[in-house]
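Commentary on secondary and tertiary structure
For reference, the chains in residue letters:
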Amino acid sequence: DDSKVQIGLCIADIHHLEKLRSFLQTEKRPIYFVPQTNSCQLKIHSRQIVTDLAKYGVIPRKSLCAKAESNIDMNPAFWLGVFDGDGSVDLRRTGRVRLFGTKILIQQFIAFLIQNKVRGRSPKYTITAWERKDKLNEVSLLGRRAYNFLNLAYSSSPVWLDRKKEIADKILAMHFGE
């Protein structure tokens, strides 16, 4: 159905779906709980919203075919959205950010990092390809590089997943600096 969009998040991020529902002025739409996957979903029927989201690469199973369009590929808020959707953050030693996606998306992310001088000790970025049927790729940012990405992304974005932001704030409190 080209007029329906379904957004699913883990239960811990239900507040984010509530914020999205409010932003879209669809407060009457219920948020569904999916106990089998410990997730929640918001379903919206709007051809215009589906069309607008597709312009930014938000399509069904986007993780398996995503790439950044050239009008947003250098936008820190865009990359924070990608990170919130298909990334992880943890406090492993000095902080770690991981982003998963297609090889082209990961390459675009690395180009964004280089363009924005998101540096660490090593100038090299390593892409890890997962040998699974979905062929996801991963890039990890550790320590200073994780700090610099989080600092850039959160300072440029008005919206984020609260759960990831709480961990990011702990990494940002480590004061790596440039």
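The notes below deal with the structure included here. The structure displayed is predicted, hence computed values, not measured ones. (Residues numbered from 1 in each chain as written. Predicted model: local features only at pLDDT ≥ 70, side-chain atom pairs only at ≥ 80, totals over all residues. Heavy atoms only, no water.)

**Some words on the overall build of the protein chain**
Operational definition: A run of H or I in DSSP becomes a helix once it reaches four residues, and a run of E becomes a strand once it reaches two; helices and strands are each numbered from the N terminus. Buried means the residue's accessible area, taken with a 1.4 Å probe over protein chains only, is under 20% of the maximum for its type, while exposed means over 50%, and partly exposed covers the values in between. Contacts are residue-level and defined by heavy atoms, with any inter-residue pair within 4.5 Å sufficient. Methods summary: accessible areas were calculated by the Shrake-Rupley approach with a probe of 1.4 Å, and residue burial reflects only the protein chains presented. Charge counting treats Lys and Arg as positive and Asp and Glu as negative, with His and both chain ends excluded. For charged residues, the charge sits on one atom: NZ in Lys, CZ in Arg, CG in Asp, CD in Glu.
For the protein chain, the count of helices and strands is 6 helices and 7 strands. Along the three orthogonal principal directions, the C-alpha set of the protein chain runs to about 50 × 30 × 30 Å. Within the span of the protein chain, comprising 178 residues, buried residues form 39% of the whole. Taking as baseline every contact in the protein chain between residues at least 6 positions apart, the subset at least 24 positions apart corresponds to 63%. Summed over its atoms, the accessible surface of the protein chain is roughly 10,900 Å², and 53% of this surface lies on carbon and sulfur atoms. Looking at charge distribution, the protein chain has the averaged site of its 29 positive side-chain charges lying 5 Å from that of its 18 negative ones.

**Description of the sheet that holds strand β1 (residues 4-10)**
Rules: Strand pairing requires that DSSP identify at least two bridges connecting the strands. Orientation is described by axes fitted as lines to C-alpha atoms, over the contacting stretch for helices, and by angles from 0 to 180 degrees between their N-to-C directions.
Strand order in this open sheet of 3 strands is β1-β3-β2, and the pairing throughout is antiparallel. Strands at the two margins of the open sheet, each flanked by one partner only, are β1 and β2 (31-34). The average angle at which neighbouring strand axes cross in this sheet is 25°, direction not considered. Pairing between β1 and strand β3 (residues 39-45): 7 bridges, direction antiparallel. Bridging from a neighbouring strand, Gly-8 pairs with Gln-41 of β3. Helix α1 (residues 14-23) rests against β1, β2 and β3 of the sheet, and its axis sits at about 15° to β3.

**Re the packing of aromatic side chains**
Stated formally: Aromatic rings from Phe, Tyr and Trp, with only the six-membered ring used for Trp, were paired whenever their centres fell within 6.5 Å, and each pair was classed as stacked if the ring planes differed by under 30 degrees, edge-to-face if by over 60, and tilted otherwise.
Here the structure, examined in full by the defined rule, presents 7 aromatic pairs. Taking the centre distance of 6.0 Å and the plane angle of 80° together, the rings of Phe-83 and Phe-149 count as edge-to-face. Linking Phe-83 in helix α3 (residues 76-86) with Phe-149 in helix α5 (residues 143-155), this pair joins segments that are 66 residues apart in sequence. Phe-149 carries the same exposure label as Phe-83, and that label is buried.

**Section: the nonpolar core**
For clarity, the threshold we go by: What is meant by a nonpolar core is a set of buried Ala, Val, Leu, Ile, Met, Phe, Trp, Tyr and Cys residues, joined one to another through side-chain atoms within 4.5 Å.
Residues Trp-79, Phe-83, Phe-109, Phe-149 and Leu-150 are the most contacted members of the largest nonpolar core, which totals 30 residues. Within the residue set of this core, elements represented by two or more residues are α3, β5 (96-101), α4 (103-115), β7 (137-142), α5 and α6 (162-172). In this structure Leu-150 touches Phe-83, Val-89, Val-97, Ser-155, Ala-168, Ile-171 and Leu-172, once residues within four positions along its chain are discounted. Grouped together as the second largest cluster of nonpolar side chains are 9 residues, Val-5, Cys-40, Leu-42 and Val-50 included.

**Concerning the pattern of salt bridges**
When the charged atoms of two side chains with opposite charge come close together, those side chains can pair. Defined as follows: Salt bridge, as used here, is a side-chain nitrogen of Lys or Arg placed within 4 Å of a carboxyl oxygen of Asp or Glu.
Throughout the structure, instances matching the rule amount to 5 salt bridges. One salt bridge in this structure joins Arg-96 and Asp-90, with 2.8 Å as the shortest N-O distance. Overall, Arg-96 belongs to the buried group, its relative accessible area being 15%. The salt bridge involving Glu-138 is made with Arg-98; its shortest N-O contact spans 2.8 Å. Residue Glu-138 is found in strand β7, and its partner Arg-98 is found in strand β5; the two are separated by 40 residues along the sequence. Of the two residues examined, Glu-138 and Arg-98, each falls in the buried class.

**Some words on the side chain of Gln-41**
What counts here: Polar contacts here mean pairs of N or O atoms no more than 3.5 Å apart (in protein, one a potential hydrogen donor and the other a potential acceptor; neighbouring residues in sequence count only if both atoms are side-chain atoms).
Relative to the elements of secondary structure, Gln-41 occurs in strand β3. Among the polar contacts made by the side chain of Gln-41, one reaches the side chain of Gln-6 at a distance of 3.4 Å.

**Quick notes on α4**
Where we set the bar: Any helix carries an expected span of 1.5 Å times its number of residues minus one.
The first and last C-alpha atoms of α4 sit 18 Å apart over 13 residues, in line with the 18 Å expected at 1.5 Å per residue. Those residues of α4 that fall on the buried side of the exposure criterion are Leu-105, Ile-106, Gln-108, Phe-109, Ile-110, Phe-112 and Leu-113. Count one or two residues on from α4 and you reach Lys-117, which has phi positive near 55°.

**Details of the environment of Gly-8**
Note that Gly-8 resides in strand β1. When its relative accessible area of 48% is taken as the criterion, Gly-8 is described as partly exposed. For Gly-8 and Lys-67, which are 59 residues apart along the polypeptide, the C-alpha to C-alpha distance reads 20 Å. Discounting residues that sit within four places of it in the chain, Gly-8 has contacts with Cys-40 and Gln-41.

The quantities given are spatial measurements derived from coordinates; they are silent on function.
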